[in-house]
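# Notes for the structure review
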Amino acid sequence: MNDTSLVKGNALPNIPWQDRPDDCSDVVWRSEDNPIIPRDLIPRSNSIFNSAVVPFEGAFAGIFRCDDKARYMRLHSGLSADGIHWTIDPDPIQFVCDDDEIGAFDYGYDPRVCWIEDRYYVTWCNGYHGPTIGVAYTNDFATFHQLENAFLPYNRNGVLFPRKIGGRYAMLSRPSDTGHTAFGDIFYSESPDLCFWGRHRHVMAPYGPGWQSTKVGAGPTPIETTEGWLLIYHGVLTSCNGFVYSMSAALLDLDQPWNVIARAEPYLLSPQRLYECAGDVPNVVFPCAALCDAATGRLAIYYGAADTVTGLAFAHAQEVVDWVKDNAIG
Ligand code: BMA
């Protein structure tokens, strides 16, 4: 398969990859090595999940959600030669911040990482009188410079676009509440400087009675394609046993990403394997990153499983785009 004309971006021939098993007809399939990151990879971790991975210096770097044995939510950096076997710093990231008010770390979780122009930006759910969107940058995954929080509390799932749109930085987010938020739509916001955010636009609401009926939130950094921004996102169903987190995809307009071109009605991946169904929070698949080889369209999607471990899944970008259009709502 060759998707050269579909995905805009760099060739990344070394991303982790396994061909679709012969007995599988799904558009997204799991790594045979799942979960690739166990809950106890570092001595202090209770769980390692909902984490973000990017290409870095010919290999890979990541920011990991490591809840510790006091069950405090922390962010750790890590490096990997192959994207599968990780060395995670046993100590949490200590952000460098000019403003003590913003830099006083309370908690951080569900990081995303996005290369824009000349550096890696990290966004995460940052505790500041409630959850909001923290923003930092790094060049080396050793020193992290924290900027202003993007929004007022309460907000989660802040996901940057990998380039300016209409001359401004762009972010998706999901306004929320102090707790586990039984609602949630995805919004789009713009910024001239990654400090002041505005021109907020509604992107999408929960839909239907099924897997995305309670809330939706952006997942990995959107992938630029000739068909629009490919957005992988999570959706939540409220079952009689609590929330169920699944993932699917949508296509957003390249110039006005708040306009949804197509959005899939079914899920692409839902919690079905034991490590997705059993853990600290059962029945959760939660994508936070996708590596994409633009030359072939191969995707490696990193997702948290049951708020406990980290899984890896694969897809071809062209198949996902075609599937979203063929299975679109409406
Ligand atoms: C959300 C976030 C995620 C978590 C999910 C399922 O509200 O807290 O970190 O994976 O709930 O518990």
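How each quantity is defined
Residues numbered from 1 in each chain as written. Predicted model: local features only at pLDDT ≥ 70, side-chain atom pairs only at ≥ 80, totals over all residues. Heavy atoms only, no water. Buried < 20%, exposed > 50% of the residue type's maximum accessible area, 1.4 Å probe, protein only. Helix = DSSP H or I, 4+ residues; strand = E, 2+ residues; numbered from the N terminus. Arc of directions from axis to C-beta. Contact = heavy atoms within 4.5 Å. Pairing = 2+ DSSP bridges. Near = heavy atom within 4 Å. Polar contact = N/O pair within 3.5 Å; in protein donor to acceptor, adjacent residues only side chain to side chain. Areas by Shrake-Rupley, 256 points an atom, 1.4 Å probe, with all protein chains shown as cover.

### So, helix H3 (residues 317-326)
Helical geometry: 3.6 residues make up each α-helical turn, so side chains three or four residues apart lie on a common side. Within H3, the full set of buried residues consists of Ala 317, Val 320, Val 321, Trp 323 and Val 324. Mapping the buried residues of H3 onto a view down its axis gives an arc of 165°, with all of them on the same face. Of the surrounding elements, those touching the buried residues of H3 are strand E16 (228-239), strand E17 (242-252), strand E18 (260-263), strand E20 (298-305) and strand E21 (309-316).

### Quick word on the side chain of Thr 310
By the secondary structure assignment, Thr 310 is in strand E21. Beyond its immediate chain neighbours, meaning those up to four positions away, Thr 310 contacts Pro 35, Ile 36, Ile 37, Ile 48, Phe 49, Ser 51 and Tyr 303.

### Observations regarding the pairing of E16
Counting buried residues in E16 gives nine out of 12 residues, a clear majority hidden from the surface. In the sheet, strand E14 (residues 215-218) pairs with E16 via four bridges, with the strands oriented antiparallel. In the sheet register, Ala 218 faces E16, and the bridge partner there is Tyr 233. The pairing of strand E15 (residues 223-225) with E16 spans three bridges and is antiparallel. If you follow Thr 225 over to E16, its bridge partner there is Gly 228.

### Structural notes on the site of the ligand
Taken together, Asn 50, Arg 65, Tyr 109, Asp 110, Tyr 245, Val 281, Val 284, Phe 286 and Asp 307 make up all the residues around the ligand. Here an oxygen atom of the ligand and a side-chain polar atom of Tyr 245 are 2.9 Å apart. Bound to the protein, the ligand loses 86% of the 310 Å² it would expose on its own.

### A look at the sheet that holds strand E9 (residues 145-146)
In space, the four strands of this open sheet follow the order E6-E7-E8-E9, with antiparallel pairing throughout. What marks the edges here is a single partner per strand, and that holds for strand E6 (108-116) and E9.

### A look at the side chain of Asp 67
Structurally, the position occupied by Asp 67 is in strand E3 (residues 59-68). On the basis of relative accessibility, which here comes to 4%, the residue Asp 67 falls in the buried class. Sequence-distant contacts of Asp 67, defined by excluding residues within four places in its chain, comprise Arg 44, Ser 45, Asn 46, Ser 47, Phe 49, Tyr 72, Met 73 and Arg 74.

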